[in-house]
Amino acid sequence: MPIEQVRLGLPSSFSGVEQAQMGLGRLGEIEIELREGQANDALEALRAGLAEKSLRFRTEVKPAKSQRTMTRAWDSIHRAEKQIKAAVRSYRLARNSLEALGAGENLLNQYQKIQKEDLRMSRDVVEENRVGQHSSELAWFWRLD
């Protein structure tokens, strides 16, 4: 098996009892810090992917006049969707690991679960000067520090 495909035995892959038996307490704390960084990186990639998708939709899909330009525009949308899905997978892995490690409640409240409706772009961001903007609200990860 290639070394790149070997799974590491991180503390999050063991139960709490097994972690205690093996004395992985300090390593678990270190992994929590690493997973927090992974979650932050994934959320940054998610925000960038959503912004890219909305920009492409507005600048390429809407003004497309021919079948050829429409196909190219939708290809760029699909590439942005792949980036979004990869970021969500990475974030969910980090959050699940944080749960398995017994991270503090305040940390888990900060890194909430991503729901399908969170991945929709608010029209306030996409369309400036839209009527009724005050009624829309951005997903929680747009308001993180």
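It should be noted that the structure appears before, not after, this text.
Residues numbered from 1 in each chain as written. Predicted model: local features only at pLDDT ≥ 70, side-chain atom pairs only at ≥ 80, totals over all residues. Heavy atoms only, no water.

Let us look at the environment of Arg 56. For Arg 56, the position within the fold is in helix H2 (residues 25–61). For the pair Arg 56 and Ala 80, spaced 24 residues apart in the sequence, the C-alpha separation amounts to 8.6 Å. Filtering out sequence-adjacent residues up to four positions away, Arg 56 remains in contact with Val 61, Ser 76 and Ile 77. (Helix = DSSP H or I, 4+ residues; strand = E, 2+ residues; numbered from the N terminus. Contact = heavy atoms within 4.5 Å.)

Let us now look at the packing of aromatic side chains. As enumerated under the stated definition, the model contains three aromatic pairs in all. With a centroid separation of 6.0 Å and 70 degrees between ring planes, the pair formed by Phe 57 and Trp 74 is classed as edge-to-face. Separated by 17 residues along the polypeptide, Phe 57 in helix H2 and Trp 74 in helix H3 (residues 67–100) bring together distant segments of the chain. Measuring from centroid to centroid gives 6.0 Å for Tyr 91 and Trp 140, while their planes differ by 50 degrees, and the two rings are tilted. (Phe/Tyr/Trp six-rings, centres within 6.5 Å; stacked < 30°, edge-to-face > 60°.)

With that settled, consider the nonpolar core. Core analysis: the largest hydrophobic core is formed by 22 residues, its most contacted members being Leu 43, Leu 46, Tyr 91, Leu 98, Tyr 111 and Phe 141. Setting aside residues up to four positions removed in sequence, Leu 46 forms contacts with Ile 84, Ala 87, Val 88, Ile 114, Leu 119 and Phe 141. (Core = buried A, V, L, I, M, F, W, Y, C linked by side-chain atoms within 4.5 Å. Buried < 20%, exposed > 50% of the residue type's maximum accessible area, 1.4 Å probe, protein only.)

What follows concerns the side chain of Asp 118. Relative to the assigned elements, Asp 118 resides in the loop between helix H4 (105–110) and helix H5 (123–126). When residues no more than four places from it in sequence are discounted, the contact partners of Asp 118 are Lys 113, Ala 139, Trp 140 and Phe 141.

Function cannot be inferred from these measures alone, as they are strictly geometric.
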